[in-house]
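# Structure at a glance
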Amino acid sequence: QVQLVESGGGLVQPGGSLRLSCAGSRSLFSLDGMGWYRQAPGNQRELVARIFSGGSTNYPDSVKGRFTISRDTAKNTLYLQMDSLKPEDTAVYYCNAWFGSYNYWGQGTQVTVSS
């Protein structure tokens, strides 16, 4: 019912920055919250940031202070600003949205941090 499309991934050197975007097919006001997850080959998908309908945010310690989640409700778009990137940040990053018991996922965008 909700389509999500990520963009903005790529190759960046350690210490560099990227901004990921997630375009949604319906108003973000209709959702309970949105988030960014990542998954490296052979690893579990892990949460990197969440933003709730009221605007509060949540980050794990691994990215706190380096990543910032935000949204532009007028454009139905979610963002993830990633600064001071490390090689261990390399993964496919996925956009997530939820409404009640429903969860929606984008197709993912590759982020590679390497010298």
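This text follows the structure it describes.
Model, not experiment: these values are computed from the prediction. (Residues numbered from 1 in each chain as written. Predicted model: local features only at pLDDT ≥ 70, side-chain atom pairs only at ≥ 80, totals over all residues. Heavy atoms only, no water.)

### Description of the packing of aromatic side chains
This is how the line gets drawn: Stacked, tilted and edge-to-face are the three classes applied to pairs of Phe, Tyr and Trp rings, where Trp contributes its six-membered ring and a pair requires centres within 6.5 Å; stacked means planes under 30 degrees apart, edge-to-face means over 60, and tilted covers the rest. Elements are defined by DSSP. Helices are runs of H or I of four residues or more, strands are runs of E of two residues or more, and each kind is numbered from the N terminus. Exposure classes here rest on a 1.4 Å probe applied to the protein chains alone. A residue is buried below 20% of its type maximum, exposed above 50%, and partly exposed in between. Geometrically, a lysine NZ or arginine CZ counts as sitting over a ring once it is within 6 Å of the ring centre and also within 35 degrees of the ring normal.
One pass over the full model with this rule turns up two aromatic pairs. Both rings, one in Y37 and one in W105, keep their centres 5.1 Å apart while their planes meet at 65°; by these two values the pair is edge-to-face. Of this pair, Y37 sits in strand 4 (residues 33-39) while W105 sits in strand 10 (residues 102-105), and the two are 68 residues apart along the sequence. Looking at Y37, the relative accessible area reads 18%, which means it is buried. Ring geometry for F52 against W98: centres 5.8 Å apart, planes inclined by 80°, an arrangement best described as edge-to-face. Of the two residues, F52 sits in strand 5 (residues 46-52) while W98 sits in strand 9 (residues 91-99), which places them 46 residues apart along the sequence. The exposure class assigned to F52 is partly exposed, which follows from its relative accessible area of 29%. Directly above the ring of Y94 sits R45, whose terminal nitrogen or CZ lies 3.8 Å from the centroid. Geometry around W105 places R45 over its ring, the cationic atom sitting 4.7 Å from the centre.

### Let's talk about unusual backbone geometry
Positioned with a positive phi, N76 is a non-glycine residue whose angle comes to about 55°. Relative to the helices and strands, N76 resides in the loop between strand 7 (67-72) and strand 8 (77-82). Positive phi values are uncommon outside glycine, yet S84 reaches one of about 50°. Relative to the helices and strands, S84 is located in the loop between strand 8 and strand 9.

### Quick look at the state of the cysteines
What counts, and what does not: The rule for a disulfide is simple: a pair of cysteine sulfur atoms within 2.5 Å.
Enumeration over the complete set of coordinates arrives at one disulfide. Here C22 pairs with C95 through a disulfide, and the sulfurs are 2.0 Å apart. Disulfide C22-C95: torsion about the S-S bond near -80°, hence left-handed. Remark: C95 occurs in strand 9 and C22 occurs in strand 3 (residues 18-24); sequence separation between them is 73 residues. Residue classification places C95 among the buried positions, given a relative accessible area of 0%.

### Considering the pairing of strand 4
The criterion, for reference: Paired strands, as defined in this entry, are two strands with at least two bridges between them according to DSSP.
With respect to burial, strand 4 is a largely interior element, six of its seven residues being buried. Inspection of the sheet shows strand 4 paired to strand 5 by six bridges, in the antiparallel sense. Paired with W36 across the bridge in strand 5 is A49. Turn length for the strand 4-strand 5 hairpin, with the two strands adjacent in sequence and antiparallel, is six residues, and the turn residue G42 shows positive phi of about 80°. Two elements, strand 4 and strand 9, share seven bridges in a ladder whose sense is antiparallel. Paired with Q39 across the two strands is V92, which belongs to strand 9.

### Focus on the nonpolar core
Cut-off, in case you're wondering: In this description, a nonpolar core means a group of buried Ala, Val, Leu, Ile, Met, Phe, Trp, Tyr and Cys residues linked to one another through side-chain atoms lying within 4.5 Å.
One finds M34, W36, L80, M82 and Y93 to be the most contacted residues of the largest nonpolar core, which totals 27 residues. Mapped by element, the contributors of at least two residues to this core are strand 3, strand 4, strand 5, strand 7, strand 8, strand 9 and strand 11 (109-113). Of the residues forming this core, the biggest block, four residues, is contributed by strand 9.

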